[in-house]
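# Inside the fold
Take a look at the letters that make up each chain.
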Amino acid sequence: ATPADAAPGAGHMRQEWSGVGQHDGRWQERKYPVDSLHGAYSNYALEIFANQTGARGLIQLGRIQFLDADEREIPWERIDINCDRCCGDESWLNLQAADHVKWCTQLEDFPDNTARFEFTFPQPVTVATLVFTSAGDLPERDPSRFSLSSSSSVNAAACVEANATTEARLEADRAKQ
């Protein structure tokens, strides 16, 4: 897997990984060093563009974590996702869980077949490593192309829309679990 860096704009940096192969095992952590994100930010966006077979079909993960330069986990306080249909037993809420549960959904459920997660941290943090834990089955669903970007300010339109629906989605997901 090779990171491809995009030229950063003012207050915004981005790193992309492509050609990432499937995890060797199920429920396996894999670390992706973040080389191009310098500085501390309160908001990070993770976009997943493709699984092992392309930009269509099911995508899944067991967990998403962020580590600092000392390999300590950086807890996030809020996650927003650009999909209202991504609920159910394999909810995106499972991405926080340390036990063996997964998030799984169709890439086609997202605008442009791209899953976008907006993570908000309680204070600005510097992410040194992105960690994905694979889910327990079907390695062809593992992400193969994704990016992490940071910003000194939240996208205001996305934040307003997300805040309007996040609480309702959380309640619906909790009711189903």
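Residues numbered from 1 in each chain as written. Predicted model: local features only at pLDDT ≥ 70, side-chain atom pairs only at ≥ 80, totals over all residues. Heavy atoms only, no water.

Another aspect to go through is the overall build of the protein chain. A count of helical and extended segments in the protein chain gives one helix and 11 strands. Each helix and strand of the protein chain, ordered N terminal to C terminal, gives the series β-β-β-β-β-β-β-β-β-β-β-α. A separation threshold of at least 6 residues defines the contact pool for the protein chain, and within that pool the share at least 24 residues apart is 80%. Roughly 8,300 Å² of accessible area belongs to the protein chain as shown, and the carbon and sulfur atoms make up 49% of that amount. (Helix = DSSP H or I, 4+ residues; strand = E, 2+ residues; numbered from the N terminus. Contact = heavy atoms within 4.5 Å. Areas by Shrake-Rupley, 256 points an atom, 1.4 Å probe, with all protein chains shown as cover.)

Averaged over every residue, the pLDDT of the protein chain is 79; residues scoring 70 or more account for 75%. Confidence over residues 2–10 falls short of pLDDT 50; this stretch has 14 contacts with residues more than four positions distant or in other chains. (pLDDT = per-residue confidence, 0-100.)

With respect to the helices and strands, R30 occurs in strand β3 (residues 29–33). Look at R30: it is buried, it has no salt bridge, and the nearest opposite charge is D24 at 4.3 Å. One polar contact links the side chain of R30 to the main-chain carbonyl oxygen of Q22, over a distance of 2.9 Å. Once residues within four sequence positions are removed from consideration, R30 is found in contact with V20, G21, Q22, H23, D24, L130, V131 and F132. (Buried < 20%, exposed > 50% of the residue type's maximum accessible area, 1.4 Å probe, protein only. Lys, Arg positive; Asp, Glu negative; His and termini not counted. Salt bridge = Lys/Arg side-chain N within 4 Å of Asp/Glu carboxyl O. Polar contact = N/O pair within 3.5 Å; in protein donor to acceptor, adjacent residues only side chain to side chain.)

One pass over the full model with this rule turns up 14 aromatic pairs. Here Y32 and F146 contribute two aromatic rings whose centre-to-centre distance is 5.0 Å and whose plane-to-plane angle is 75°, an arrangement assigned as edge-to-face. In this pair, Y32 sits in strand β3 while F146 sits in strand β11 (residues 143–151), placing the two residues 114 residues apart along the sequence. Residue classification places Y32 among the buried residues on the basis of a relative accessible area of 5%. Joined through ring pairs, the aromatic side chains of Y41, Y44, F66, W76, W103, F110, F117, F119 and F121 make up one cluster. Just above the ring of F49 sits the side chain of R145; from NZ or CZ to the centre is 4.3 Å. (Phe/Tyr/Trp six-rings, centres within 6.5 Å; stacked < 30°, edge-to-face > 60°. Lys NZ or Arg CZ within 6 Å of the ring centre and 35° of its normal.)

What follows deals with the nonpolar core. With 34 residues, the main nonpolar core has L46, F66, W103, F117 and L130 as its most contacted residues. Among the elements of the structure, β2 (12–18), β4 (41–51), β5 (58–61), β6 (63–67), β7 (78–81), β9 (115–125), β10 (129–133) and β11 are those that each provide at least two residues to this core. In terms of residue count, β9 provides more of this core than any other element does, five residues in total. (Core = buried A, V, L, I, M, F, W, Y, C linked by side-chain atoms within 4.5 Å.)

According to the stated counting rule, one finds 12 salt bridges in the structure shown. With a closest N to O distance of 2.7 Å, R145 and E16 form a salt bridge. Of this pair, R145 sits in strand β11 while E16 sits in strand β2, and the two are 129 residues apart along the sequence. Judged by its relative accessible area of 11%, E16 falls in the buried class.

Okay, the sheet that holds β6 next. Strand order across the open sheet formed by three strands is β3-β10-β6, with antiparallel pairing between neighbours. Edge positions in the open sheet fall to β3 and β6, since each of these has one partner strand only. Ignoring strand direction, the axes of neighbouring strands in this sheet form an average angle of 20°. As paired elements, β6 and β10 share five bridges and run antiparallel to each other. Of the residues in β10, the one forming a bridge with Q65 is V131. (Pairing = 2+ DSSP bridges. Axes fitted to C-alpha atoms, helices over the stretch in contact; angles between N-to-C directions.)

Peptide bonds are, in most cases, trans, and in most cases residues other than glycine have a negative phi. Within the chain, N113 stands out as a residue other than glycine whose phi angle is a positive 55°. Take N113: it is sitting in the loop between β8 (103–106) and β9. One non-glycine residue with positive phi stands out, namely L138, at about 45°. Here L138 lies in the loop between β10 and β11. Its relative accessible area of 33% is what places L138 among the partly exposed residues.

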